[in-house]
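# Analysis of the macromolecular model
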Amino acid sequence: MLDKIRKLEKEISEFRDNDGGALEEFRLKYLSKKGLIPSLFQEFRNIPKEDKGKYGKLINDLKNEATEKYTRLKESVDTGDSQSGFTDLTRPAEKSFPGSRHPLSIVRNEIISIFQRLGFTISEGPEIENDEHVFTKLNFPPEHPARDMQDTFYIKRKSEEDSDPDDILLRTHTSSVQVRVMENEKPPIRTISPGRVFRNEAISARAHCIFHQVEGLYIDTNVSFADLKQTLYFFAVEMFGKETKIRLRPSYFPFTEPSAEMDISCTICGGKGCNVCKYTGWLEILGCGMVDPNVLEYCGIDNQKYTGFAFGMGIERAAMLKYQVNDLRLYFENDVRFLKQFSSSF
Ligand code: PHE
């Protein structure tokens with residue numbers, strides 16, 4: 001009996017808590033109904049009368065010691081209190097959510113990295129622009145109906161009816177950045193311009209007055225439509241998967257001639273037809289074309305020697321297609337339940 005008590009005393013005093021689990025084992029082993037200390041009280045019944053006083057005290061002391069130790073350790077586990085001296089420093093830390101990148105940043109970075117691999121540089125420019133860089137040098141004459149294509153937020157305007165190259169406005173596309181690049185650099189030029197753009201549109205699931213674009217420009221000798229097509233095909237396959245097909249439909253932009261719109265085969269049904277692609281098998285992704293020789297001339301580039309292509313896409317739209325998001329407003333509402341779902345290496 002005495003040996004047993006001494007052995008338990010030793011075990012209990014040497015016990016160190018590693019985590020909440022070990023402490024619970026301690027309780028079960030020594031203190032619970034079927035534990036070792038209660039079983040000592042059972043044995044105590046058979047002890048000769050004359051020894052009862054001595055053993056009774058020993059077993060009671062043991063029980064008190066074990067209970068006290070258990071209570072103290074339990075408290076320090078519950079409160080994480082290091083003052084007790086028993087806080088387990090090896091315990092894994094509380095999980096904390098490290099945050100994730102916004103889906104628009106992920107898609108923008110992915111688009112940028114694809115074009116960087118083709119040797120495109122990144123260019124940036126002001127969001128508050130003048131008419132000259134957003135319209136005039138991009139071949140929109142003052143009275144040209146194409147100016148109506150993009151409802152513009154004007155900051156300072158000379159006349160309500162006619163545009164003036166000095167009018168101050170929020171850029172409606174990042175083509176304005178490319179005008180600035182052409183003014184300041186000599187070909188070969190290979191650049192993409194990611195950025196925020198503004199259009200006076202009612203906010204809905206498919207449109208917003210603020211959105212993001214990546215536009216691209218390539219100017220050199222002998223740049224052809226075939227170069228444009230192959231570049232965009234490479235982009236589509238890298239971005240949406242190697243099964244992706246593209247098609248180009250004739251279109252119109254004042255600053256490109258010829259102009260086209262590019263569709264990719266539907267990311268959901270692969271082209272068979274579904275409600276996302278409205279049973280056409282195709283999804284519109286970007287506008288493109290060969291830079292109009294007038295634009296080159298306005299920006300001081302010899303249009304006899306150089307040709308170029310340009311393209312532009314909305315990042316929200318590309319992200320909607322990539323992640324199958326059907327309401328553009330989700331990107332701007334900052335609901336963490338939505339934002340938490342995106343993780344990426346970009
Ligand atoms: N700037 C056009 C837009 O905002 C896109 C575009 C860029 C089209 C370059 C053709 C060439 O819609």
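Within any chain, residue numbers begin from 1 and follow the written order of that chain's sequence. Per-residue local features of the predicted model are confined to residues with pLDDT of at least 70, and side-chain atom pairs are confined, for both listing and counting, to 80 or more; whole-chain, interface and lining totals are unaffected and use all residues. Note: side-chain values were computed over all heavy atoms of the structure, leaving out hydrogens and water.

### Quick notes on the overall build of the protein chain
We count it as follows: Strands here mean DSSP runs of E at least two residues long; helices mean DSSP runs of H or I at least four residues long; both are numbered from the N terminus. For the radius of gyration, the atom set is restricted to C-alpha positions; the globular benchmark scales as 2.2 Å times the number of residues to the power 0.38. In this scheme, a residue with accessible area under 20% of its type's maximum is buried, one over 50% is exposed, and one in between is partly exposed, where area comes from a 1.4 Å probe on protein chains only. Here, two residues are considered to be in contact whenever any of their heavy atoms come within 4.5 Å of each other. Throughout, the Shrake-Rupley method with a 1.4 Å probe supplies accessible areas, and for residues the shown protein chains are the sole cover considered.
Helix and strand counts for the protein chain stand at 11 helices and 10 strands. By the compact-globule yardstick of 20 Å for 346 residues, the protein chain is too spread out, its C-alpha radius of gyration being 36 Å. Expressed as a percentage of the 346 residues in the protein chain, the buried residues total 43%. Within the protein chain, residue pairs in contact and separated by at least 24 positions form 65% of the contacts whose partners lie at least 6 positions apart. For the protein chain, the computed accessible surface area is about 19300 Å², with 49% contributed by carbon and sulfur atoms.

### Concerning the confidence of the model for the protein chain
Worth spelling out the cut-off: The quantity called pLDDT is the predictor's confidence in a given residue, expressed from 0 to 100.
Counting all residues, the mean pLDDT for the protein chain is 90, and 95% of those residues have values of 70 or more. Taking the mean pLDDT of every element in the protein chain, the minimum, 85, falls on helix H2 (residues 20-31) and the maximum, 98, on strand S10 (residues 307-314).

### Looking at the pattern of salt bridges
Oppositely charged side chains are able to pair whenever their charged atoms sit close together. Spelled out, the test is: The term salt bridge refers to a pairing of a side-chain nitrogen on Lys or Arg with a carboxyl oxygen on Asp or Glu at a separation within 4 Å.
All chains considered together, the criterion is met by 20 salt bridges. One salt bridge in this structure joins Arg249 and Asp263, with 2.8 Å as the shortest N-O distance. Of the two residues, Arg249 is situated in strand S7 (residues 246-253) and Asp263 in strand S8 (residues 256-265); the sequence distance between them amounts to 14 residues. Judged by relative accessible area, Asp263 falls into the buried class, the value being 3%.

### Thoughts on helix H3 (residues 36-44)
Operational definition: Starting at the helix axis, one direction is taken to each C-beta atom, and the arc is that of these directions.
For H3, every residue scored as buried is listed here: Ile37, Leu40 and Phe44. Down the axis of H3, the buried set is contained in an arc of 45°. They therefore lie on one face.

### Section: the domain arrangement of the protein chain
Counted only if it meets this: Those domain boundaries reflect an automatic or database domain assignment.
Each assigned domain of the protein chain is listed here: domain 1 (2-78) and domain 2 (103-342). The C-alpha-based centres of domain 1 and domain 2 are spaced at 76 Å.

### Focus on the nonpolar core
This is how it is decided: We define a nonpolar core as any set of buried Ala, Val, Leu, Ile, Met, Phe, Trp, Tyr and Cys residues linked to one another through side-chain atoms lying within 4.5 Å.
Core analysis: the largest hydrophobic core is formed by 45 residues, its most contacted members being Ile111, Ile264, Leu286 and Phe311. Counting only elements with at least two residues in this core, the list comes to helix H5 (103-117), strand S6 (210-220), helix H8 (225-240), S8, strand S9 (282-291), S10, helix H10 (315-323) and helix H11 (336-339). Broken down by element, the residue count for this core peaks at seven residues, all from H5. Membership of the second largest hydrophobic core comes to 20 residues, among which are Val134, Phe140, Val291 and Ala310.

### Comments concerning the environment of Arg337
Mapped onto the secondary structure, Arg337 falls in helix H11. The spacing of Arg337 and Ser32 is 305 residues in sequence and 44 Å in space, taken between C-alpha atoms.

### Details of the pairing of S8
To be explicit about the condition: At least two bridges found by DSSP between two strands is the condition for calling them paired.
With eight of 10 residues buried, S8 is to be regarded as a mostly interior element. Relative to S8, S7 runs antiparallel, the two being bridged by seven bridges. Note on S8: the bridge partner recorded for Arg247 is Asp263. Hairpin connection from S7 to S8: two residues lie between these consecutive antiparallel strands. With eight bridges connecting them, S8 and S9 associate as antiparallel partners. Along S9, the bridge assignment pairs Asp263 with Glu284.

### A few points about the site of the ligand
The condition is simple: Distances are taken per atom, and a residue is near a molecule or strand as soon as one of its heavy atoms is within 4 Å of it. Under the rule applied, a polar contact is a pair of N or O atoms within 3.5 Å (in protein, one hydrogen donor and one hydrogen acceptor; residues adjacent in sequence only if both atoms are side-chain atoms). Of the grid points, spaced at 1 Å and generated over the protein atoms alone, those admitting a 1.4 Å probe that cannot get out make up cavities, while open sets with protein on both sides within 12 Å along at least five of seven lines make up pockets; any residue with an atom within 4 Å of a point is treated as lining. Occupancy of a cavity or pocket is assigned to a molecule whenever over half of its atoms lie within 2 Å of that pocket's grid points.
Taken together, 14 residues are adjacent to the ligand, and His173, Ser175, Arg199, Gln213 and Glu215 come closest. In the environment of the ligand, an oxygen atom lies 2.9 Å from a nitrogen or oxygen atom belonging to the side chain of Arg199. Cavity membership is defined here by more than half of the atoms lying within 2 Å of grid points; on that basis the ligand lies in the largest pocket. Elements with a minimum of two residues in the shell around the ligand: S6, S9 and S10. Residue contributions to the shell around the ligand peak at three residues, all from S10.

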